Amino acid sequence: MPPICIIGSIHVDFIIRVPRIPSIGETILGEGFEIHPGGKGANQCIGVARLGVRASLVSRVGNDFLADMALKNLKTEDNVVLDYVSTVEGVHTGVAFILVDSSGDNIIAVAPGADMYVSRSDVDKVLKSIHGFKALLVQLEIPLDTVAYALEKFHEKDVLTILNPAPAVVLHESIYKYVDVLTPNSTELGILVGLDIGSLDDVIHASRKLLKAGVRIAVVTTLGANGAVVVTRNRVVHLPAFKVKAIDTTGAGDAFNAGLAVALTEGMGIIDAVLFANAVAALSTTKMGAQEGLPRRDDVEDFIKRHGLS
Ligand code: ADP
């Protein structure tokens, strides 16, 4: 039985490395080209599975050659259940076109295609067939209506709900009462509350606003190389990141969310779970590629032993 359900996107990422980001109307020659399977739903699903927990993905792909590329890693991963990934006729699989410059900055355009067809009926189907989920992990690369519906339905079944609000949009406040743990990065946190986030105090203030709006257990804000801040109704804890030699931080947030979901599902308290998620995410930055970099359970346990959990 898959304890974690992930509802989200499946993409193919097309990446061109460029000496600098071109200006409008300009064409420049790139210095390298890569194609990677991606999408936050797929990344987080593989992240959970690599940590040794069965993960059921609810998503959609197009009926095209891109679908095979997008599903490549998901299909070869033990612990991934793809029974609820369906094909949409006449629509392309989601794609992201990414330009990365020599300093690592990027610009990205996403054409969600089939991702936008993930629907309420997909949520109903998985809930009808699989009983006993322990957690739902959902992001914002699929229709908002589906996200809100999934959160409500899983909450009604007493399943722990985790919303990773990425990419951020302003959400209707009514959604928060169905969210147990909200996991923005600092930019996303700013968009959710309509404030600039420049300091730790800003993070705490914004998180408290979201708890007031209804988030049930915790707002966990990720701060890249500065770790993560957990704000609950009675605690504020800043957990620094593990020190690693990061070579590619793409997908660090996805690794973090996968680690957090697994740890909470296994019964860890929120602070220990965020420590575990920090370790998973730090390790993911030491390898190239969002999915390729997602660590396996043994590597995470070794890493934690070497670095300690404090
Ligand atoms: P996103 O990828 O969603 O923007 P962040 O950049 O905040 O998310 O990173 C998510 C998590 O990944 C952080 O909370 C931290 O645990 C880990 N992380 C990111 N960058 C580094 C780094 N340079 N060194 C160690 N850990 C990192």
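Just above, that's the structure.
Residues numbered from 1 in each chain as written. Predicted model: local features only at pLDDT ≥ 70, side-chain atom pairs only at ≥ 80, totals over all residues. Heavy atoms only, no water.

### Comments concerning the packing of helix α8 (residues 270-284) against helix α9 (residues 297-307)
Link 1 in the chain: Closest axis-to-axis distance for the α8/α9 pair is 10 Å, and the angle between their directions is 110 degrees. Between α8 and α9, the interaxial angle falls into the category roughly perpendicular. Contact with α8, carried on its side by Phe-276, Ala-279, Val-280, Ala-282 and Leu-283, involves Arg-297, Asp-299, Val-300, Phe-303 and Ile-304 of α9 and no other residues of that element.
Link 2 in the chain: Residue classes in the contact of α8 with α9 are distributed as eight nonpolar, no polar and two charged. (Axes fitted to C-alpha atoms, helices over the stretch in contact; angles between N-to-C directions. Helix = DSSP H or I, 4+ residues; strand = E, 2+ residues; numbered from the N terminus. Parallel < 35°, antiparallel > 145°, perpendicular 65-115°, else oblique. Contact = heavy atoms within 4.5 Å. Nonpolar A, V, L, I, M, F, W, Y, C, P; charged D, E, K, R; others polar.)

### Some thoughts on the site of the ligand
Link 1 in the chain: Near the ligand you find 17 residues, and of these Asn-185, Thr-222, Gly-224, Gly-227 and Asn-278 are the closest.
Link 2 in the chain: Contact between the ligand and Gly-224: an oxygen atom at 2.8 Å from a main-chain N or O atom of the residue.
Link 3 in the chain: Gly-253 places a main-chain nitrogen or oxygen 3.1 Å from an oxygen atom of the ligand.
Link 4 in the chain: Summarising the interface, the protein chains cover 82% of the accessible area of the ligand, which totals 550 Å² for the free molecule.
Link 5 in the chain: Looking at the shell around the ligand, the elements with two or more residues in it are α7 (252-265) and α8.
Link 6 in the chain: Considered class by class, the residues forming the shell around the ligand number ten nonpolar, seven polar and no charged. (Near = heavy atom within 4 Å. Polar contact = N/O pair within 3.5 Å; in protein donor to acceptor, adjacent residues only side chain to side chain. Areas by Shrake-Rupley, 256 points an atom, 1.4 Å probe, with all protein chains shown as cover.)

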